[in-house]
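An overview of the molecular structure
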Amino acid sequence: MASAPAPTAPPTRWDQEVDLVCVGSGLGGISAAIAARDRGLSVLVLEKAPRLGGVSGFGGGEVFVPNNHKMRELGIADSDEAGRAYFQFLSAGFADPTLQATLLAHMKPAIEYMEKEAGVRWIAVEGLPDYYYADAPGSHPGGRYLSVDLFDGRSLGEWQARTYPMTPHVPPGALHREMYAWGGLACVTQWDYELIGQRLANDQRSFGPGLMGWFVKAAMVDRGIPALVSAPARSLVVDGGAVVGVRAEHEGRDLYVRARKGVVLAVGGYDWNRELARQYEAMPDWNSACPPYLHGDHLVMAGELGAAIAAVPPTDLALFYGYHIPGEESDGHPLYRSSWECGCPHALWVNRAGQRFCDESFYKDYQPRLRTWDGQRQTMPNLPPFLIFDQNYRDRYPLGSFMPGQPLPSELVVQADTPRELAEKLGIDPDGLERTLERFNEHARRGEDPDFGKGSRPWSVRLTGDHSYPNPCVGPVERPPFYGVRLVPVSVGINSHGLRTDEHARVLHVRGRPIPGLYAVGNSAALLDLGGGYQSGTSNMRAITWGWIAGRHAAGA
Amino acid sequence: MAEARYTTTTRVPPEQVWDFVQDMDRWAEFVMGYQTHEKRSETESVWTLKGDLGVMSRTLTFEVRITEWNGPSRVRFTLRGLNEPMSGEGAFTIEAVPPGSEGGPEGSAAPAPVPAAPRKAAPLRWLEALARRLLRWIGGRSERAAPPAAGAAASRLTFELRIDPGGPMAPMVNAMIKPLMLPAAEQLADRILARLEEGRAEGGASR
């Protein structure tokens, strides 16, 4: 890395001059670019990775918007009041009321703007409930999640090869509604792979890659907004206390870009900065399912200017547990997959004592329980969790991308003829595992889980349930051989700490005033608008909304 | 099913091509994504490759079994995925090319193409790349005709490969690997011939 004073003083000569620089090309950066360009600003997007799209282009592509216009078109009833009540429930008292009110007031206009002005083709995912439906205030049985219609990657021109055509985390080429119509993740062997293959051959994108396809096309192709990939921003250029540009690296040299109206930091979180993750997330281990470009650059660059860092409790965000399949890599780094196998029948989780501790089908339940602290022994008794399943599971469901019948890698999966032998191989208390399976199976044969309520959440049932079972998420673990996998944390880029921002997405100084010319959106901004809880699709929604707000504000709106 | 067939021509005599091809240790590293290989017998070997699908790569292990050994003209093999549900087959075919019977004008002294340093004019390279890309999409076949030198013995090397993914996701996997097949065949055959050409330029067969 080239060395330079940080923050950087204005150079004697700028390499480029624009009105707004968007650092990061996920939904936040691209939404800001579109909004600003449409208000007459010149914009440059700088992306650290060799492809545009950020984490948004690598994920599931859900956008959570209560009472959205696509629901109304389908005749699905909802209300803003119910949406507010649900977000208030999610926040658990940790949200900043002003930021949450701003988010909720602008999310629908932003989403509708992207359809009307940017051509994004939204589709409401019918029948997919809110996480906490039906007991949370304002929760809804289905329609609040938006996804996008298939996107033709060939329409991206020069950007086709420099965006994500698919994500390794979901079989590509399927729409959300198709995924659920085909039986969800438990029935992934029964998806229509002839149709998927045809779509892949024609670069028809879905999920996160499809979502970002629409946005990149709107920005780079339709509006001609320039972007540089493999161009990491290294420091902010400051003049008189205001941010006036960016020093980036591109093609082996410093690139000074003047930003007359401001700089938007939209670089995601810090999943791949192990030091920050260890300090901020308070977990003894840390891995990421995201592309390996999330280093907390926003915290460093804005921190140098005295920016305030804020946090929400890490307990209830979107930290999954999963595994790394030996030999799988993404961008030259080990690829980690979150485990949803535990939501299927014939599978459960135990801790080292061989005891269950959560509803394995609902990650919002297992996540805080994994953080349980034993103050008597100074340990986290539920770490690491172990996925345990039997041959009935193997005959029906995949493990990651390994289909039934396909040999499982012995480096990942331990196999044994009895639960006791399996426990001994995994380092679990054998007596504990035997007792746990005895009790679990006794109830599971009736489709019940009186201890933790596995399969009691409609969302879980929809996502990972096998509807041929009385309880789609529960089946006994009793048929040998038995299998076990030691699981590790797998973050999806939604971190607890971020830059503190105001209702215009401006970054705030530790003294509470906005830092002139500096914005932060998406996962670079602290999740104070959400507070203590998380619901899938809210990360994408707030990226679009705050990006739109920042771009308009920079343009004087 | 994903398949590719690639033919290329060289000034190197068939016996010399065969001499090189029959020893997998000499060209193993030219296989796209090559990691390791292990000979288990005269006819069986196990190969580990890194399959790159753009956004992710995955380690694949294949058992390769020789089914026809007919030097100096042909070797055929089958392959079976050990950690993925895949099967397939392939062949190297080596033919003698009479001087002046293929490619450029009779008596042309143009050298055989060496992929590492192509000597064609830029527009021609562009056209060739376009044609090969089209061929990839429509049939996974390509041919690079190189004129043998006047009066010189020459060879035509054809590499064929077919892979049949198995399991429920087979159509999806097929769509993913199809665009990779012809580049893989081209890379292997071109690098083999490039190595042979280097050996020839240095005054002897590459050993």
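The rules behind each value
Residues numbered from 1 in each chain as written. Chains lettered and ligands numbered in written order. Predicted model: local features only at pLDDT ≥ 70, side-chain atom pairs only at ≥ 80, totals over all residues. Heavy atoms only, no water. Helix = DSSP H or I, 4+ residues; strand = E, 2+ residues; numbered from the N terminus. Buried < 20%, exposed > 50% of the residue type's maximum accessible area, 1.4 Å probe, protein only. Contact = heavy atoms within 4.5 Å. Areas by Shrake-Rupley, 256 points an atom, 1.4 Å probe, with all protein chains shown as cover. Lys, Arg positive; Asp, Glu negative; His and termini not counted. Charge placed at Lys NZ, Arg CZ, Asp CG, Glu CD. Polar contact = N/O pair within 3.5 Å; in protein donor to acceptor, adjacent residues only side chain to side chain. pLDDT = per-residue confidence, 0-100. Buried area = accessible area lost by both parts, 1.4 Å probe. Salt bridge = Lys/Arg side-chain N within 4 Å of Asp/Glu carboxyl O. Phe/Tyr/Trp six-rings, centres within 6.5 Å; stacked < 30°, edge-to-face > 60°.

Let's shift gears to the overall build of chain A. In terms of regular secondary structure, chain A is built from 15 helices and 22 strands. Across its three principal directions, the C-alpha atoms of chain A cover 75 × 50 × 45 Å. Across the 557 residues in chain A, those meeting the buried criterion constitute 65%. At a minimum sequence separation of 6, the contacts of chain A that also span at least 24 residues come to 75%. Summed over all atoms, the accessible surface of chain A reaches about 19,200 Å², with 48% contributed by carbon and sulfur. Looking at chain A, you have 53 positive and 63 negative side-chain charges, and the mean spots of the two groups are 5 Å apart.

Now for the side chain of Q535 of chain A. Residues and elements named next belong to chain A. Positionally, Q535 belongs in the loop between β22 (514–520) and α15 (538–554). You can call Q535 buried: its relative accessible area is 0%. Within the local environment of Q535, its side chain forms a polar contact with the side chain of Y86, the two groups lying 2.6 Å apart.

Glancing now at the confidence of the model for chain B. Residue and element names in this part refer to chain B. Overall, the predicted model of chain B reaches an average pLDDT of 77, with 70% of residues at or above 70. Low pLDDT, under 50, characterises residues 133–139; the stretch is placed with 8 contacts to residues that sit more than four places away or in other chains. As scored by the predictor, the complex reaches a pTM of 0.91 and an ipTM of 0.84.

Let's shift gears to helix α1 (residues 14–21) of chain B. Here α1 of chain B lies mainly inside the structure; 6 of its 8 residues are buried. Looking at α1 of chain B, one finds that the buried residues are P14, Q16, V17, W18, F20 and V21 of chain B.

Between chain B and chain A, the residue contacts involve 18 residues of the former and 28 residues of the latter. The junction of chain B with chain A conceals about 1,800 Å² of combined surface from both sides, 64% of it contributed by carbon and sulfur atoms. Summed over the three residues of chain B that lose the most area to chain A, namely V55, R58 and M169 of chain B, the buried surface amounts to 33% of that side. At the surface where chain B touches chain A, the tally comes to 2 salt bridges. The closest approach of N and O atoms between E329 of chain A and K50 of chain B, which form a salt bridge, is 3.0 Å. Secondary structure elements with two or more residues in the side of chain B that touches chain A: β4 (57–70) and α4 (170–201) of chain B. A per-element tally of the side of chain B that touches chain A places α4 of chain B first, with 4 residues.

Residues and elements named next belong to chain A. Note that H324 resides in strand β13 (residues 319–330). Considered as a pair, H324 and P334 are 10 residues apart in the sequence and their alpha carbons are 6.9 Å apart. Apart from the residues within four sequence positions on either side, H324 is in contact with P334, L335, Y336 and L412. There is a polar contact of 2.9 Å between the side chain of H324 and the backbone oxygen of L335.

With that settled, the discussion passes to the packing of aromatic side chains. Residues and elements named next belong to chain A. Applying the stated rule across the entire model yields 31 aromatic pairs over all chains. On the numbers, 5.1 Å between centres and 70° between planes, the contact of F89 with Y132 is edge-to-face. Taken together, the residues F89 in helix α3 (residues 80–91) and Y132 in the loop between β4 (122–124) and β5 (145–148) connect sequence positions 43 residues apart. The class of Y132 is buried, set by a relative accessible area of 10%. Where Y131 meets W459, the ring centres are 4.5 Å apart and the plane angle is 65°; that geometry is what we call edge-to-face. Remark: W459 occurs in helix α14 (residues 458–464) and Y131 occurs in the loop between β4 and β5; sequence separation between them is 328 residues. Classification of Y131 by relative accessible area gives buried; the value is 1%.

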